[in-house]
Amino acid sequence: MSRLSFMIIVIANQKGGVGKTTTAINLAAALATSKRKVLLIDLDPQSNSSLSFLDPESVNGGAYELFAEPDRPVDELVYDTATENLSIIPARISLAKLEAKLIGDFDAAFKLRDRLEGLKGKFDVILIDTPPTLGILTVNAMVAANHVIIPIQSSYFALEGTDDLLETIEKIRSRPNPDLNLLGVVVTLYDRRTTISHDVESHIRTVFGKKAFKTVISRSVRLEESPAHRKSIFDHAPRSSGATEYHDLSKEVLKRV
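Since the structure is predicted, the reported quantities are computational estimates derived from the model, not experimental observations.

The rules behind these values
Residues numbered from 1 in each chain as written. Predicted model: local features only at pLDDT ≥ 70, side-chain atom pairs only at ≥ 80, totals over all residues. Heavy atoms only, no water. Helix = DSSP H or I, 4+ residues; strand = E, 2+ residues; numbered from the N terminus. Expected span 1.5 Å × (residues − 1). Buried < 20%, exposed > 50% of the residue type's maximum accessible area, 1.4 Å probe, protein only. Pairing = 2+ DSSP bridges. Right-handed = clockwise from strand over helix to strand, strands pointing away. Contact = heavy atoms within 4.5 Å. Patch = residues over 30% accessible without salt bridge, like charges linked within 9 Å, V, L, I, M, F, W, Y side chains within 5 Å. Areas by Shrake-Rupley, 256 points an atom, 1.4 Å probe, with all protein chains shown as cover. Salt bridge = Lys/Arg side-chain N within 4 Å of Asp/Glu carboxyl O.

Here we look at helix H11 (residues 241-256)
Taking 1.5 Å per residue, 16 residues should reach 22 Å; H11 reaches 23 Å between its end C-alpha atoms and fits that length. Along H11, the residues classified as buried are Gly 242, Ala 243, Glu 245, Tyr 246, Leu 249, Ser 250, Glu 252 and Val 253.

Looking at the pairing of strand E8 (residues 212-218)
With six of its seven residues buried, E8 lies for the most part within the structure. With three bridges connecting them, strand E7 (residues 181-190) and E8 associate as parallel partners. Residue pairing in the sheet places Val 187 in a bridge with Val 216 of E8. With helix H8 (residues 195-208) bridging E7 and the parallel E8, this β-α-β connection has right-handed handedness.

Some remarks on the environment of Val 74
Following the sequence through the fold, Val 74 ends up in the loop between helix H3 (63-68) and strand E3 (79-80). For Val 74, a relative accessible area of 7% puts it in the buried group. Along the chain, Val 74 and Leu 40 lie 34 residues apart, while their C-alpha atoms are 13 Å from each other. Ignoring anything within four residues of it in the chain, the contact list for Val 74 reads Leu 66, Ile 89, Arg 115 and Leu 119.

Concerning a nonpolar patch on the surface
Judged by side-chain polarity, Tyr 156, Phe 157 and Ile 196 come together as a nonpolar surface patch covering roughly 370 Å² of accessible area. Take Ile 196: it is sitting in helix H8. Residue Ile 196 is classed as partly exposed on the basis of its relative accessible area of 36%.

What to know about the pattern of salt bridges
Applying the stated criterion across every chain, the model contains 17 salt bridges. Note that Glu 65 is salt-bridged to Arg 92, the shortest N-O span being 2.8 Å. Residue Glu 65 is located in helix H3, and its partner Arg 92 is located in the loop between strand E4 (86-89) and helix H4 (98-102); the two are separated by 27 residues in the primary sequence. With a relative accessible area of 8%, Glu 65 lands in the buried category. Of the residues examined, Arg 92 reaches a relative accessible area of 31% and is grouped as partly exposed. Among the salt bridges present, the one from Arg 192 reaches Glu 245, with a minimum N-O distance of 3.6 Å. Taken together, the residues Arg 192 in the loop between E7 and H8 and Glu 245 in helix H11 connect sequence positions 53 residues apart. Classification of Glu 245 as buried rests on a relative accessible area of 9%. Each of Lys 20, Asp 44 and Asp 129 takes part in a single network of salt bridges with overlapping partners.

Written out as structure tokens, the structure reads:
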């Protein structure tokens, strides 16, 4: 199968609470403001990315149907958001049943890659928000993608489980998707007032070297508030530090790809 014509970036970390969904939402919005046509795919059954943009009552199909209904046109599962140039394939709680449904399918890991063929020429960038596990949904995202971004919280246990994630990336690179690339690691939930945040950031930069993005995402009340208003940080608080930092991160991402 030929490589897809657009850039696909997975946001992944099997640890919860590290700012993964916040990064997916706001990096997608930042890229959209740079006049790229962006699609955000929510593969997390918790649906937090979806709830940040859509009223769940308005959703009639999404990521679950992307896998479970292979004959359904992908276009029917794509929803516009209030952010110009940004669309979304939303998640619902039904996604939680998908892992069991896919077990035993010989092509289980390739389903998303095959379905995204139907979007050729329609988007410049696809961002995929994954669940906090290394299950079949995360594997599907990585098999379909060009790049992985790992958000890591600036806390004492920051690197816990990272070895497993990096091992999974290498296994996928070794066979189903040799084009998969670790685009970078972004430090999130950074508290400039604490020594531990400074120490953890320094350690992450030592471990990952040039793969660590220069931009650091600070802990921010505005970032925490914005999903409740169904807005990205750029619509909720465009002059906030969170908006500035995600804008800077998007510029770094575009330079690296």
